[in-house]
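So the chains spell out like this:
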Amino acid sequence: MSHGFEINPAKGPEVAESGILARISQWMAIFNEWVMLVSTIALLGAAGILTLGVLFRYFLKISTDWQDEASVFLLVGATFACCAYVQSYRGHVGIDALASILPASVNRIRKMIVDIASFFFCSFFTWKSWTLFHEALVGGQTTSSSFAPPLWIPYSLMAAGMTLLSLQLLLQVLTHFSRKEVAP
Amino acid sequence: MSVATIGILYGVGTLIVMFSGMPIAFALGSVATLFMAIFMPGSALDTITQNVYEEMASITLLSIPLFILKGAAIGKSRAGADLYSAVHAWMNKIPGGLGIANVFACALFAAMAGSSPATCSAIGSAGIPEMRQRGYSAGFAAGLIAAGGTLGILLPPSITMILFAVAAEQSLGRLFLAGIGPGVLLVVLFSAYAAWQYKREYKVALDVYQGGGIKSAYLDDLHLTLADKTRMLPRVLPFVILLTGVMVALYGGYATPSETAGLGAILALVLVAVVYRVWRPKDVKIIFTSTLRESTMLMLIIGMSLLYSYVMSYLHISQSAAEWIVAMHLSKWLLLATILVFVVILGFFLPPVSIILMTAPIILPPLKAAGFDLVWFGVVMTVVMEMGLIHPPVGLNIFVIKNIAPDIPLKDVIWGTVPFVLLMMFAVVLICVFPGIATWFPDLVMGVAGK
């Protein structure tokens, strides 16, 4: 766990070199920055709610049975919302032992295949997340606690976050195809 | 198809996908989804998102981003350098005191920030140049900081412990307390080695000087007045109070672990704003961005690891593997040794988070059947994973040291960590022979487990 410590932090999000893809990548990067801002507020909100919970319980003797679920919703939302931002910096860690062994041309193909496979998995997950959200919304599903907030709230955050992640991966896949071969 | 065949396919498939370089979270999720599609009823695929959400929506697990926020707030300030300076000033007169001060500063910072690489970076940035200026060999200085940093995943609040508590269904409070004894043991062992190595290097420096050679900085006397020493305290005390306050809130019954995480994060943000004036949006943005990047990456791995474990359990792979291990009738200690070697090998490729969540369903039942206390094992496993932070091929702390002290050759950093890896192995043996090192403190504070 590096707790925010990065040995070689990326200078910026990965974007296509030129053309329409570059423009979409830039829009996506700007959108991700806004999402990060909202997620920051959610993270701070969760910390604040938990802190207030302690203070309310001991000083005002007020029960805060809603605090855990509100914090969970905020933190789950922040986690999924930031997935695309993290992917834009290639921040989801993987085992890169092969990358240092393979020749550059093979490595390029490996990266492309990995991105395509990641895109398919995340798209499938996105589809199932929206299905889950729809079922929770239509069925009026709630959590099992006495506070019983509707489950469509966290499901929608998960689905929206995974949609963004899938779009980010699609952009990265398309960027592979748009890249011109550089003569050796 | 037999469970064994499915299990082998599952394992081999996971290795292939992971070594392709696919992000660990997506790799685990993809393999789990593929096996769900092939070997589980068709309706199972409809539940993958629900599974991931339900596993992730645990308030204990979700305290991780908040502990990371607390660590990032402290880690991004000058708290580490100030802490180091204060400890150094007060331990200056002890032989080898500079090295010991580095170990103590690492332990205190690790307990506040909860991060190994952040501890290495914060304390090492100030400690390594100071040690080298005072004549310490580069390898010794680098090894000391790399090893001191590993205390970050052992001393509470440790994210590794949180994951183990969830995976093994053990009390988080008890696990946190169980890490303190071994943490103190490692501090003592590292300090003793620092004092011994200091004497060796001092003697060599003295012999060279007496033989007409150059006078090493080792032989210079550093004098600090009481005023010098007390000047350091006002900046450090608030963080020590934060550390103590968080522990009192947790163990005094005032707050749950997740509330402690929230409270700690808010207090850390307030403290860095007041003490270090880190309150401007651009300063605070760095703290939150790095927190969200790290916690998102980590939480996604956790969510997918739990899905992976669910599939493994549904297909009876984990149960069969556990039964197979039990049927081998290994002696208690051979079983433990085999499992720990397995953990070390996995540590070559995987972060602790994945190792714990992926292996827990397989290794914990045999260990429980053999009569091991799982809280105790959680501590032993954590110390073993700590070793992985300072030995190749992964050795994250080695690369952090290389980053903050680029002029020290990698070879020297690696050789500098070797004595500490051996000390950690010795600590594991001690904890095995005297389990009370880990279990005494939680038993004292929370009562004997199961009674």
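On a predicted model such as this, the values are computed, not experimentally measured, just so you know.

Our next topic: the interface of chain B and chain A. Contacts between chain B and chain A engage 73 residues on the former and 62 residues on the latter. Carbon and sulfur atoms make up 74% of the area that chain B and chain A hide from each other, which totals about 5800 Å². Linking chain B with chain A are three salt bridges, by the criterion used here. Where chain B touches chain A, the interface holds nine residue pairs in polar contact (both at pLDDT 80 or more). Tallying contributions element by element places helix H14 (residues 281-314) of chain B first for the side of chain B that touches chain A, with 15 residues. Here the residues of the side of chain B that touches chain A sort into 46 nonpolar, 21 polar and six charged.

An α-helical turn contains 3.6 residues, so a residue and the one three or four places further along point in the same direction. All names here are of chain B. Between its terminal C-alpha atoms helix H6 (residues 97-113) stretches 23 Å, which fits the 24 Å expected from 17 residues at 1.5 Å a residue. With 15 of its 17 residues buried, H6 lies for the most part within the structure. Immediately beyond the C-terminal end of H6, within one or two residues, lies Gly 114, with a positive phi of roughly 70°.

Attention now goes to the side chain of B:Thr359. All names here are of chain B. Mapping Thr 359 onto the fold places it in helix H17 (residues 352-369). Here Thr 359 falls in the buried class, since its relative accessible area comes to 6%. At a separation of 2.5 Å, a polar atom in the side chain of Thr 359 contacts the main-chain carbonyl oxygen of Ile 355. Not counting the four nearest positions on each side in its chain, Thr 359 is found in contact with Phe 342, Leu 346, Ser 354 and Met 381.

Residue and element names in this part refer to chain B. By the element assignment, Ile 317 lies in helix H15 (residues 317-327). On a C-alpha basis, the gap between Ile 317 and Ser 2 in space is 10.0 Å, while along the polypeptide they are 315 residues apart. Not counting chain neighbours up to four residues away, the residues in contact with Ile 317 comprise Val 3, Ile 6, Gly 7, Tyr 10 and Met 312.

Next up on the list: the confidence of the model for chain A. Of the residues in chain A, 88% have a pLDDT of 70 or more, and the chain-wide mean is 86. Every residue in residues 1-5 of chain A scores below 50 in pLDDT, and together they form 31 contacts with partners more than four places removed in sequence or on other chains.

So, about the packing of aromatic side chains. Residues and elements named next belong to chain B. This structure, assessed with the given rule, holds 24 aromatic pairs over all chains. Plain terms: the ring middles of Tyr 136 and Tyr 198 are 6.0 Å apart, the flat faces sit at 40° to each other, and that makes the pair tilted. Taken as a pair, Tyr 136 in the loop between helix H7 (116-133) and helix H8 (138-149) and Tyr 198 in helix H11 (residues 180-210) lie far apart in primary sequence, 62 residues in all. Each member of the pair, Tyr 136 as well as Tyr 198, is classed as buried. Judged by centre distance (5.3 Å) and plane angle (75°), the ring pair of Trp 333 and Phe 372 falls under edge-to-face. Residue Trp 333 is located in helix H16 (residues 332-347), and its partner Phe 372 is located in the loop between H17 and helix H18 (374-387); the two are separated by 39 residues in the primary sequence.

One side chain can pair with another of opposite charge once the charged atoms of both are near each other. Summed over the entire model, instances satisfying the criterion amount to nine salt bridges over all chains. Note that A:Glu33 and B:Lys285 form a salt bridge whose closest N and O atoms lie 3.6 Å from each other. Taken together, the residues A:Glu33 in helix H1 (residues 19-60) and B:Lys285 in helix H14 connect one chain to another. You can call B:Lys285 partly exposed: its relative accessible area is 48%. One salt bridge connects A:Lys128 with B:Asp46, and the closest N-O pair in it is separated by 2.6 Å. One end of the pair, A:Lys128, is in helix H4 (residues 104-139); the other, B:Asp46, is in the loop between helix H2 (24-39) and helix H3 (48-56), on a second chain. Looking at B:Asp46, the relative accessible area reads 42%, which means it is partly exposed.

All right, on to the nonpolar core then. With 200 residues, the main nonpolar core has B:Ile64, B:Phe239 and B:Phe377 as its most contacted residues. Each residue touching B:Phe239, except ones within four places of it in the same chain, is listed here: B:Ile74, B:Ala79, B:Met112, B:Leu271, B:Val272, B:Val275 and B:Tyr276. The next biggest cluster of nonpolar side chains, apart from the first, holds seven residues, and it includes A:Leu21, A:Met28, A:Val35 and A:Ala84.

So, on to the packing of helix H1 (residues 3-19) of chain B against H2(B). Residues and elements named next belong to chain B. H2 packs onto H1 with a crossing angle of 145° between their chain directions and a minimal axis gap of 9 Å. H1 and H2 meet at a crossing whose hand is right-handed. Packed against H1, whose contacting residues are Ile 6, Leu 9, Tyr 10, Gly 13, Thr 14, Val 17 and Met 18, the element H2 presents Ile 24, Ala 27, Leu 28, Val 31, Ala 32, Phe 35 and Phe 39 at the interface. A class-by-class count of the residues in the contact of H1 with H2 yields twelve nonpolar, two polar and no charged.

Definitions and limits used
- Residues numbered from 1 in each chain as written.
- Chains lettered and ligands numbered in written order.
- Predicted model: local features only at pLDDT ≥ 70, side-chain atom pairs only at ≥ 80, totals over all residues.
- Heavy atoms only, no water.
- Contact = heavy atoms within 4.5 Å.
- Buried area = accessible area lost by both parts, 1.4 Å probe.
- Salt bridge = Lys/Arg side-chain N within 4 Å of Asp/Glu carboxyl O.
- Polar contact = N/O pair within 3.5 Å; in protein donor to acceptor, adjacent residues only side chain to side chain.
- Helix = DSSP H or I, 4+ residues; strand = E, 2+ residues; numbered from the N terminus.
- Nonpolar A, V, L, I, M, F, W, Y, C, P; charged D, E, K, R; others polar.
- Expected span 1.5 Å × (residues − 1).
- Buried < 20%, exposed > 50% of the residue type's maximum accessible area, 1.4 Å probe, protein only.
- pLDDT = per-residue confidence, 0-100.
- Phe/Tyr/Trp six-rings, centres within 6.5 Å; stacked < 30°, edge-to-face > 60°.
- Core = buried A, V, L, I, M, F, W, Y, C linked by side-chain atoms within 4.5 Å.
- Axes fitted to C-alpha atoms, helices over the stretch in contact; angles between N-to-C directions.
- Left-handed = near helix turned anticlockwise from the far one by under 90°.

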